[in-house]
Amino acid sequence: RPAALRRAVESAGAVRGRCLNTGQSCIAAKRFIVERPVADEFTARFAAEMAKLRVGDPLDDATQVGAIVNEGELTTLISQIQDAIAGGALVSCGGGRMDRPGYFLAPTVLSGVTRDMRVWREEVLGPIAPVLPVADADEAVRVANDSDFGLGASVWTQDRERGEAIARRLACGSAFVNSIVKSDPRVPFGGVKQSGWGRELAWCGLREFTNVKGLNVY
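Residues numbered from 1 in each chain as written. Predicted model: local features only at pLDDT ≥ 70, side-chain atom pairs only at ≥ 80, totals over all residues. Heavy atoms only, no water.

Participant: I tried to follow the overall build of the chain on my own but got confused; where do I start?
Facilitator: Secondary structure assignment for the chain yields 7 helices and 8 strands. Rg of the C-alpha trace for the chain: 19 Å, near the compact-globule value of 17 Å for 218 residues, within the 12% margin. For the chain, the spread of C-alpha atoms along the principal axes amounts to about 75 × 40 × 35 Å. Of the roughly 12400 Å² of accessible surface on the chain, a fraction of 52% belongs to carbon and sulfur atoms. For the chain, the distance from the average site of its 27 positive side-chain charges to the average site of its 26 negative ones is 5 Å. (Helix = DSSP H or I, 4+ residues; strand = E, 2+ residues; numbered from the N terminus. Rg over C-alpha atoms; globule rule 2.2 N^0.38 Å. Areas by Shrake-Rupley, 256 points an atom, 1.4 Å probe, with all protein chains shown as cover. Lys, Arg positive; Asp, Glu negative; His and termini not counted. Charge placed at Lys NZ, Arg CZ, Asp CG, Glu CD.)

Quick look at the structure:
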């Protein structure tokens, strides 16, 4: 469990290397569902690593987190955070706009999140990580699937067989075990529910560009 917890913390916050598009990516992690026995430790360690991330000019090789795309999106992100705080969520790190020129949001980890908060129900396109503890894997699956979105999900565990079994129960287009969500030209990629239609990449992607003709001879 300690090793899996460490890998999950490191990958969730992209603490090694650059933060992928400052969280402004469809495949960036949006929600963190953690079994209750390790939730407090995960949140504390995750927040500590997120707080270390270097925010700045993306053209600077030392930068790990860049700016939000525009003021409108920054305003949306701040309102999502404020809605969570008003509902009782706690800010473990970050929590608002940074005092510097540009549209910069401090990398944020939120605990005490509930499933009715905007930061949980809506798609969050920024460096915000809401953490929600659950009792066990069954509750984790129910919570994960209770969403309008279903692009990708990842399961982190030291028991790969158990992780695969959980991943198969998730309502999403791509599921990963002990890896962040990513696309690979060899594997079909796409979502379910409100996360798009069809598939790209691999043979499924090629079929999207073809017209299938049905020929019937009696």
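Participant: Teacher, can you tell me more about the pattern of salt bridges here?
Facilitator: Should their charged atoms come close, side chains of opposite charge can pair. In this structure the tally under the stated criterion is 9 salt bridges. Salt-bridge contacts for Arg118 lead to Glu122; the nearest nitrogen and oxygen are separated by 2.8 Å. Exposure remark for Arg118: the relative accessible area of 27% places this residue in the partly exposed category. Look at the salt bridges and you will find they share partners, linking Arg115, Arg121 and Asp146 into a network. (Salt bridge = Lys/Arg side-chain N within 4 Å of Asp/Glu carboxyl O. Buried < 20%, exposed > 50% of the residue type's maximum accessible area, 1.4 Å probe, protein only.)

Participant: It is not clear to me how the side chain of Ser174 should be interpreted in this structure. Could you clarify?
Facilitator: Here Ser174 shows up in strand 7 (residues 174-177). Non-local contacts of Ser174, meaning those with residues more than four positions away in its chain, are made with Leu151, Gly152, Ala153, Pro188, Phe189 and Gly190. (Contact = heavy atoms within 4.5 Å.)

Participant: Help me understand the confidence of the model for the chain in this model?
Facilitator: For residues with low pLDDT, the predicted coordinates do not support detailed interpretation. For the chain, the mean per-residue pLDDT works out to 91, and 91% of the residues sit at or above 70. Scored below 50 in pLDDT, residues 13-17 shows 12 contacts in the model against residues more than four places distant or in partner chains. (pLDDT = per-residue confidence, 0-100.)

Participant: What am I meant to see in the pairing of strand 4 (residues 128-134) here?
Facilitator: Across a regular strand the side chains alternate sides, sitting on one face of the sheet and then on the other. Extensive coverage of strand 4 is indicated by the burial of 6 of its 7 residues. Relative to strand 4, strand 1 (residues 32-35) runs parallel, the two being bridged by 4 bridges. When the sheet's bridge partners are listed, Val34 is paired in strand 4 with Pro133. Direction of pairing for strand 3 (residues 108-111) relative to strand 4: parallel, over a ladder of 3 bridges. Following the sheet pairing, Thr108 is matched in strand 4 by Ile128. (Pairing = 2+ DSSP bridges.)

Participant: What should I look at first to understand unusual backbone geometry in this one?
Facilitator: Residues apart from glycine generally show negative phi values, whereas peptide bonds are mostly found in trans. In this model, Thr22 sits at a positive phi of 55 degrees, which is unusual for a non-glycine residue. Summarising the element assignment, Thr22 is placed in the loop between helix 1 (2-12) and strand 1. Under the relative-accessibility criterion, Thr22 is labelled buried at 6%.

Participant: I would appreciate a short explanation of the sheet that holds strand 1 in the present structure.
Facilitator: For sheets, the rule is that strands pair by backbone hydrogen bonds, running either parallel or antiparallel. Taken together, the 4 strands give an open sheet; going across it, the order is 1-4-3-2, and neighbouring strands pair in mixed fashion. Each end of this open sheet is capped by a strand with a single partner; those strands are strand 1 and strand 2 (90-93). Neighbour-to-neighbour, the strand axes of the sheet open up by a mean angle of 30 degrees, direction not taken into account. Lying on the sheet, helix 5 (residues 137-145) is in contact with strand 1 and strand 4; it crosses strand 1 at an angle near 165 degrees. (Axes fitted to C-alpha atoms, helices over the stretch in contact; angles between N-to-C directions.)

Participant: Please clarify how the packing of aromatic side chains should be interpreted in this entry.
Facilitator: Each aromatic ring pair is characterised by the separation of its centres together with the angle its planes make. All chains considered together, the criterion is met by 3 aromatic pairs. Between the aromatic rings of Phe32 and Phe46, the centroid separation amounts to 5.1 Å while the plane-to-plane angle is 55 degrees, which identifies the pairing as tilted. In this pair, Phe32 sits in strand 1 while Phe46 sits in helix 2 (residues 36-52), placing the two residues 14 residues apart along the sequence. Like Phe32, the residue Phe46 is buried in the burial classification. A centroid spacing of 5.3 Å and a plane angle of 55 degrees characterise the contact between Phe42 and Phe46, whose relative ring orientation is tilted. With a gap of 4 residues between them, Phe42 and Phe46 both fall in helix 2, about one helical turn apart. (Phe/Tyr/Trp six-rings, centres within 6.5 Å; stacked < 30°, edge-to-face > 60°.)

Participant: Please clarify how helix 3 (residues 71-86) should be interpreted in this entry.
Facilitator: Within an α-helix, residues lying three or four positions from one another point in the same direction, as the helix has 3.6 residues per turn. In this model helix 3 runs 22 Å from its N-terminal to its C-terminal C-alpha over 16 residues, within 8% of the 22 Å that 1.5 Å per residue would give. Taken together, the buried positions of helix 3 are Leu74, Leu77, Gln80, Ile81 and Ala84. Looking straight down helix 3, one finds that the buried residues subtend no more than 120 degrees of arc, so they occupy a single side. Next to the buried residues of helix 3 lie strand 3, helix 4 (118-121) and strand 4. The distance from a side-chain oxygen at the start of helix 3 to the backbone nitrogen of Gly72 is 3.2 Å, and the residue carrying that oxygen is Asn70. Of the residues flanking the end of helix 3, it is Gly88, one or two places downstream, whose phi is positive at about 110 degrees. (Expected span 1.5 Å × (residues − 1). Arc of directions from axis to C-beta. Polar contact = N/O pair within 3.5 Å; in protein donor to acceptor, adjacent residues only side chain to side chain.)

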